[in-house]
Amino acid sequence: IHGNLIIDTTADGALFALDARTGKEVWTTQVLDYKTGVHQTSGPLIADGKVFAGRGCEPLVGAGPDNCVITAHDAATGRELWRFYTDGPVRLAPAVSGDKLYFACDDGHLYCLHAADGTLAWKFRGGPLDRLVLGNDRLISIYPARGAPVVADGTVYFAASVWPFMGVFIHALDAETGEVRWTN
């Protein structure tokens, strides 16, 4: 919800806003071509007049790295403000704290972007090794970061790995610098 707008994503790569009072469409923006294998796995995050949403880039015919993105759109108009490319699907909603946007990715990293322009502030690999495995017909980290990050009191928390037999790595990082506060 943003003012009188209900904003959400669609399974076919679009972002839309409805008037909460009437249910009528206010705007729709096609973010990616659904024919190239894209889907939204969680709802968007709205902060400071911007709509942030990542995409799960499934490996269908024609899919490629251009579908692995997180975007920012103007909440009032749907106009794209910026687009950041990742090396894997962004499966869960990001988090915002201050002027930073945080999100986890199947490439095993936690990313921190400047929310205003989408430029990279820092990124942190969640697993102990930079190794890849075949997952969903694409190479992903053997320690994918599939949980949504949480930011509290200047610390961002996230976990990497989905296979308990390989270990799960939980991190607390300085939200501004990405420096490790602790790792479990």
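Residues numbered from 1 in each chain as written. Predicted model: local features only at pLDDT ≥ 70, side-chain atom pairs only at ≥ 80, totals over all residues. Heavy atoms only, no water.

## Observations concerning the pattern of salt bridges
Throughout the structure, instances matching the rule amount to eight salt bridges. Close ionic contact of Lys 50 with Asp 48 constitutes a salt bridge, the shortest N to O distance being 3.7 Å. On the accessibility criterion, Asp 48 (72% relative accessible area) is exposed. Between Arg 91 and Asp 106 there is a salt bridge; the shortest N-O distance is 2.9 Å. Here the residue Arg 91 occupies a position in the loop between β9 (80-85) and β10 (95-97), and Asp 106 occupies one in the loop between β11 (100-104) and β12 (109-114), the gap between them amounting to 15 residues. On the basis of relative accessibility, which here comes to 15%, the residue Arg 91 falls in the buried class. One continuous salt-bridge network, built from bridges that share partners, spans Arg 91, Asp 106 and Arg 146. (Salt bridge = Lys/Arg side-chain N within 4 Å of Asp/Glu carboxyl O. Buried < 20%, exposed > 50% of the residue type's maximum accessible area, 1.4 Å probe, protein only. Helix = DSSP H or I, 4+ residues; strand = E, 2+ residues; numbered from the N terminus.)

## Regarding empty space enclosed by the protein
For the structure shown, the criterion picks out one cavity of 30 Å³ or more. In this structure, the largest cavity encloses a volume near 50 Å³. Considered class by class, the residues forming the lining of the largest cavity number 10 nonpolar, one polar and three charged. (1 Å grid on protein atoms, 1.4 Å probe; cavity = no way out; pocket = protein on both sides within 12 Å on 5 of 7 lines; lining within 4 Å. Points joined across faces, edges and corners; volume = space filled by probe spheres on them. Nonpolar A, V, L, I, M, F, W, Y, C, P; charged D, E, K, R; others polar.)

## As for the sheet that holds β10
Judged by pairing direction, the sheet is antiparallel, and its four strands sit side by side in the order β10-β11-β12-β13 without closing on themselves. Since the sheet does not close on itself, it has two edges, and those belong to β10 and β13 (120-125), each with one partner. The average undirected angle you get between the axes of adjacent strands in this sheet is 20 degrees. Bridge count between β11 and β12: five bridges; the pairing is antiparallel. Bridge pairing in β12 links Lys 100 to His 114. (Pairing = 2+ DSSP bridges. Axes fitted to C-alpha atoms, helices over the stretch in contact; angles between N-to-C directions.)

## Things to note about the packing of aromatic side chains
Scanning all chains against the criterion turns up eight aromatic pairs. When the centroid spacing of 6.2 Å and the interplanar angle of 55 degrees are considered together, the rings of Tyr 102 and Trp 122 count as tilted. Here the residue Tyr 102 occupies a position in strand β11, and Trp 122 occupies one in strand β13, the gap between them amounting to 20 residues. Consider the rings of Phe 103 and Tyr 111, whose centres lie 4.9 Å apart with planes at 5 degrees: the pair is stacked. Residue class for Tyr 111 comes out buried when judged on its relative accessible area of 2%. Chaining the aromatic ring pairs together yields one cluster made of Phe 84, Phe 103 and Tyr 111. (Phe/Tyr/Trp six-rings, centres within 6.5 Å; stacked < 30°, edge-to-face > 60°.)

## A short note on unusual backbone geometry
The backbone of Asp 153 shows a phi angle near 50 degrees, a positive value even though the residue is not glycine. Structurally, Asp 153 can be placed in the loop between β16 (150-152) and β17 (155-160). The phi dihedral of Ser 161 falls on the positive side, at around 105 degrees, and the residue is not glycine.

## Considering the sheet that holds strand β5 (residues 45-47)
Taken together, the four strands give an open sheet; going across it, the order is β5-β6-β8-β9, and neighbouring strands pair in antiparallel fashion. A strand with exactly one partner marks an edge of an open sheet, and here the two such strands are β5 and β9. Mean inter-strand twist for the sheet, computed between neighbouring axes without regard to direction, equals 20 degrees. Pairing geometry for strand β6 (residues 50-54) and strand β8 (residues 69-74), over five bridges, is antiparallel. Counterpart to Gly 54 in the pairing with β8 is Ile 70.

## Remarks on the nonpolar core
The biggest cluster of nonpolar side chains holds 15 residues, and the ones touching the most others in it are Tyr 102, Leu 110, Trp 122, Val 156, Phe 158 and Leu 173. At the level of elements, β11, β12, β13, β17 and β18 (169-174) are the ones that each hand at least two residues to this core. For this core, the leading source of residues is β17, giving three residues. In contact with Val 156, other than residues within four places in its own chain, are Tyr 102, Leu 110, Trp 122, Pro 149, Val 150, Val 151, His 171, Ala 172, Leu 173 and Ala 175. In this structure, Phe 52, Val 90, Leu 101 and Ala 115 belong to the second largest nonpolar core, which totals 12 residues. (Core = buried A, V, L, I, M, F, W, Y, C linked by side-chain atoms within 4.5 Å. Contact = heavy atoms within 4.5 Å.)

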